[in-house]
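Architecture at a glance
One letter stands for each residue in the lines below.
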Amino acid sequence: MKIKILETPNFHIDGGAYFGVVPKIIWEKKYPADENNMCKAACRSLLIVEENRVVLIDTGIGDKPAEENEDLYFTDYSENLITNLANAGFSPTDITDVVLTHLHFDHCGGCFYINKNTDSYKLYFKNAKHYVTRKQWENAMFPNYREKSSYHREKLMSLQDEGSLLFIDENFRLTKNIELRIFNGHTPGLMLPVIYSERNTFFFTGDLIPAMASIPLAWISAYDLYPLTSIEEKKNILNEADENNWIFIYQHDFYNVASYLIKTDRGIRAGNKIEKSEIETL
Ligand SMILES: [Zn+2]
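Since we're looking at a predicted model, the values are computed, not measured.

What counts and what doesn't
- Residues numbered from 1 in each chain as written.
- Predicted model: local features only at pLDDT ≥ 70, side-chain atom pairs only at ≥ 80, totals over all residues.
- Heavy atoms only, no water.
- Helix = DSSP H or I, 4+ residues; strand = E, 2+ residues; numbered from the N terminus.
- Contact = heavy atoms within 4.5 Å.
- Donors = N, O, S within 2.8 Å, 3.2 Å for Na, K, Ca; no water.
- Tetrahedral: all angles 85-135°; square planar, octahedral: opposite > 155°, others 65-115°.
- Buried < 20%, exposed > 50% of the residue type's maximum accessible area, 1.4 Å probe, protein only.
- Core = buried A, V, L, I, M, F, W, Y, C linked by side-chain atoms within 4.5 Å.
- Pairing = 2+ DSSP bridges.

Counting through the fold element by element, Thr201 comes out in strand β12 (residues 201–204). The contacts of Thr201, once residues within four sequence positions are left out, are Val194, Ile195, Tyr196, Trp246 and Ile247.

What follows is the structure in structure tokens.
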């Protein structure tokens, strides 16, 4: 089995939204912001190759739109999923499984391209099954007022129309080495992978722990719908990770890709950092 981290377009998140109720004088020591209080955020995908499966976890924001819309996230499109996939030796049709941790635009946008003739969205990963939790799909189809702008309905409908969608209802073993766990604090039915390699266990922290700085329990993003649920879920996963020496891979942390964990007097914290290129060798 091989794990590779693929970068997709980066964007910016308001620091207050990123770190919730944590005051800026505290979070800015852990994560830099620009003069507009915007923090650079990565949007990482994971490519996992296991026997005859080529699995992609999340697909990022997607291609640059043809029309210049007002972009509140100041997206930088210099990283591209399809290009980075090609650099790793794969074409979109090689992908057998696409796991969407959830359907917020910055996690699933890279599934779609515009067919210019019909002006409709098509799927890049034509041969893949696309997995999402049923809870998250229903939440996206009938969105609450707060999350509404995070879902791009027209794109999501092409997932349904092309018939490659599979709904997950509970924790699920996707392959021998990939387990999908369900969480509900950030959004109902967030699904995050635990990946078991021969020597290590990796957890892709997704929007449950978007950055390395988000490890302390109270550091909950203001985007989370149910912060107390997030705290509970984070506590449980941190304990399990610490007991079993898991490695965390951070999806949105622009500055830190992955780390070990350590126990401190104040709780579980990030331990030694791991570089992107090292992940493949662990
Ligand atoms: Zn999200």
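In an ideal tetrahedron of four donors about a metal, each angle is 109.5 degrees. In an ideal octahedron of six donors, the angles are 90 or 180 degrees. Here the zinc ion is held by His102 (NE2), His104 (ND1), His186 (NE2) and Asp207 (OD), and the distances to it run 2.2 Å. Taken together, the four donor atoms coordinating the zinc ion span angles of 85 to 175 degrees at the metal, a pattern that classifies the geometry as irregular. When the donor residues of the zinc ion are listed from N- to C-terminus, their spacing reads H-x1-H-x81-H-x20-D. In this pair, His102 sits in the loop between β4 (97–99) and α4 (105–108) while His186 sits in the loop between β10 (178–183) and β11 (190–196), placing the two residues 84 residues apart along the sequence. When sorted by exposure, His102 lands in the same class as His186, which is buried.

For the rest of this paragraph, the subject is the nonpolar core. Core analysis: the biggest nonpolar cluster contains 26 residues, and Ile95, Leu103, Phe125, Trp137, Leu156 and Leu159 have the highest contact counts within it. Among the elements of the structure, β3 (53–57), α3 (81–87), α5 (134–141) and α6 (153–161) are those that each provide at least two residues to this core. In contact with Ile95, not counting residues within four places along its chain, are Leu47, Val54, Leu56, Leu85, Phe125, Asn127 and Ala128. Grouped together as the second largest cluster of nonpolar side chains are 22 residues, Leu174, Met191, Ile247 and Val257 included.

This brings us to the pairing of strand β14 (residues 258–264). Bridging between strand β13 (residues 247–249) and β14 involves two bridges; their strand directions are antiparallel. Across the sheet, residue Phe248 finds its bridge partner in β14, namely Ser259. The sheet contact formed by β14 and strand β15 (residues 267–274) spans six bridges and is antiparallel. Residue Leu261 lies in a different strand from β15, and its bridge partner there is Ala270. Linkage of β14 to β15, two consecutive antiparallel strands, is achieved through a turn of two residues.

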